[in-house]
Amino acid sequence: SQYSAVDTNPLSVYIMQPIWNKIIKIVPLWIAPNLLTFSGFVMILVNYFLIAFYDWDYTASGTSPGRVPTWVWLFSAFTTFCAYALDSIDGKHARRTQSSSPLGELFDHGLDSWATSIFVLSFFSVCSRDNGKTGVSVYTMYMYLSIVLFNFMCSHWEKYNTGVLFLPWGYDLSQVVLITAYLLTGIVGVEVWQKPFLFGYYITDVLVILLIGFSLLLSFPQTLYNIHRAHLRKTLKNDSLYEGLLPLVSPLLLFMLLTVWVVLSPGNILDKQPRLFLWMVGVTFSNVICKVIVCQMSSTRPELLHWFLFPLALVVYAAISGLLGRAEEAVLGAFTVLVTAAHVHYGVCVGRQLSEHFNIYIFSLKKRVQE
């Protein structure tokens, strides 16, 4: 199916696009677009692990403000900008080199579905977890991440039903906010997040309120409206309500299981291992959404229940019933390793299959020689 995306965001159209159109001119024509996409993702990962190294438990900004060196925040601003730029020009570069392909589209959206959570997890180090005076609680972090992922899911659910990806306004805005936040932290120091900003509210509170407002009042209604409009015009890809709602079943069950674990965990798992738990949330979500993206691109019906749900349900049951006891953190660790490995394996396999099917290399513009 022909890829179609609609971007109506003024920030993107009037400010960012002209910048990308200048940057794209420096990219050599022999570079494969997927290489740009992948480089951006690697920068996000490097940045994430660098911050995690200095601040594993999300307390550095709140309790020992000097623990994360200033250069790390400035490096974060730089890598976030580069990743944002690379993600914005990969499609332009593909059209420029006449190498647009479903493989590229899947590669781009698949990595985005994972990067979305990693951006959020890196940002949490800036505002730090609640220490009684400042910071946000780990439960707020979980809610914040869930809302961001819910928004991402909505735009792909919408594309599954309408065939058009309406690029969410929040994307460009969130990238600009992230880069600004890192620069601010690098220049002024983490103290900037620990002083009330407006009417006794901290900047982090304002961002959380903005995010929730943006999602529930702008993004989600817009999704429903676009689907409704397609329904009126008879351009919906799926006739039945069942088929239209099918892609939502696994992600919603996933969130329900995870939330049950967070709320009922006897060992207070989110409090003990926030970074591990939130990483696992991001990975499981990304894999579930990748399957939806594949179905939406190949016009196939998604499976009702994603296989991750079964081991997750077992783990959650064992945890909340007290069966795991002290082993809860170890089991979370093992499960996180399992899903991360499974997700990477899935990505590599799908990439290989598509590369053989379309007779193209993933990271090179040379054509594959037919066997």
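In this text the structure is predicted, and so the values were computed from the model without any measurement.

## Quick notes on the overall build of the protein chain
Okay, so step 1: A tally of regular secondary structure across the protein chain gives 13 helices and 2 strands.
Okay, so step 2: For 371 residues, the compact-globule estimate of 2.2 N^0.38 gives 21 Å, and the protein chain sits close to it at 21 Å.
Okay, so step 3: Taken over the C-alpha atoms alone, the protein chain extends approximately 60 × 50 × 45 Å along its principal axes.
Okay, so step 4: When each of the 371 residues of the protein chain is scored for burial, the buried share is 51%.
Okay, so step 5: Relative to all contacts within the protein chain whose residues are 6 or more apart in sequence, the contacts with residues 24 or more apart total 80%.
Okay, so step 6: Just so you have it, the protein chain exposes about 17,900 Å², and 69% of that area is on carbon and sulfur atoms.
Okay, so step 7: Averaging the locations of the 23 positively and 21 negatively charged side chains of the protein chain gives two centres separated by 6 Å.

## What about helix α6 (residues 138-162)?
An α-helical segment advances 3.6 residues per turn. Residues three or four places apart therefore align on the same side.
Okay, so step 1: A rise of 1.5 Å per residue sets the reference length of α6, with its 25 residues, at 36 Å; its end C-alpha atoms lie 36 Å apart and thus fit the reference within 8%.
Okay, so step 2: A large share of α6 lies buried, amounting to 21 of its 25 residues.
Okay, so step 3: Remark: G163 follows α6 within two positions and exhibits a positive phi of approximately 80 degrees.

## A closer look at the UniProt feature "transmembrane region" (unreviewed entry) in the protein chain
Okay, so step 1: With numbering aligned to this structure, UniProt lists the feature "transmembrane region" (unreviewed entry) at residues 26-50, 70-86, 136-154, 199-220, 241-264, 276-294, 306-324 and 330-348.
Okay, so step 2: Structurally, residues 136-154 comprises 89% helix and 0% strand, and the distance from its first C-alpha atom to its last is 26 Å.
Okay, so step 3: Along residues 330-348 the backbone is 100% helical and 0% strand, and the end-to-end C-alpha distance reaches 27 Å.

## Digging into the packing of helix α5 (residues 102-127) against helix α13 (residues 328-357)
Okay, so step 1: Between α5 and α13, the least distance of the axes is 10 Å, while the angle of their chain directions is 170 degrees. Taken together, the axes of α5 and α13 are roughly antiparallel relative to one another. Contacts between α5 and α13 involve L103, L106 and W114 on the former and, on the latter, T340, H343, V344, V350, G351, L354 and S355.
Okay, so step 2: Here the residues of the contact of α5 with α13 are counted per class, giving 6 nonpolar, 4 polar and no charged.

## Here's the deal with the nonpolar core
Okay, so step 1: Of all hydrophobic cores here, the largest spans 99 residues; its most connected members are F123, F124, Y144, W261 and F277.
Okay, so step 2: Dropping the residues within four chain positions of it, Y144 is found in contact with V120, F123, F124, L207, V208 and L211.

## Here we look at the environment of H345
Okay, so step 1: Structurally, H345 can be placed in helix α13.
Okay, so step 2: Residue classification places H345 among the exposed positions, given a relative accessible area of 53%.
Okay, so step 3: Through-space distance from the C-alpha of H345 to that of F358 is 20 Å; in sequence the pair is 13 residues apart.

## A word on the side chain of S125
Okay, so step 1: For S125, the position within the fold is in helix α5.
Okay, so step 2: Residue class for S125 comes out buried when judged on its relative accessible area of 0%.
Okay, so step 3: A polar atom in the side chain of S125 sits 2.8 Å from the side chain of D55.

Definitions and cut-offs
- Residues numbered from 1 in each chain as written.
- Predicted model: local features only at pLDDT ≥ 70, side-chain atom pairs only at ≥ 80, totals over all residues.
- Heavy atoms only, no water.
- Helix = DSSP H or I, 4+ residues; strand = E, 2+ residues; numbered from the N terminus.
- Rg over C-alpha atoms; globule rule 2.2 N^0.38 Å.
- Buried < 20%, exposed > 50% of the residue type's maximum accessible area, 1.4 Å probe, protein only.
- Contact = heavy atoms within 4.5 Å.
- Areas by Shrake-Rupley, 256 points an atom, 1.4 Å probe, with all protein chains shown as cover.
- Lys, Arg positive; Asp, Glu negative; His and termini not counted.
- Charge placed at Lys NZ, Arg CZ, Asp CG, Glu CD.
- Expected span 1.5 Å × (residues − 1).
- UniProt positions renumbered as here; feature names shortened; annotations may be inferred.
- Axes fitted to C-alpha atoms, helices over the stretch in contact; angles between N-to-C directions.
- Parallel < 35°, antiparallel > 145°, perpendicular 65-115°, else oblique.
- Nonpolar A, V, L, I, M, F, W, Y, C, P; charged D, E, K, R; others polar.
- Core = buried A, V, L, I, M, F, W, Y, C linked by side-chain atoms within 4.5 Å.
- Polar contact = N/O pair within 3.5 Å; in protein donor to acceptor, adjacent residues only side chain to side chain.

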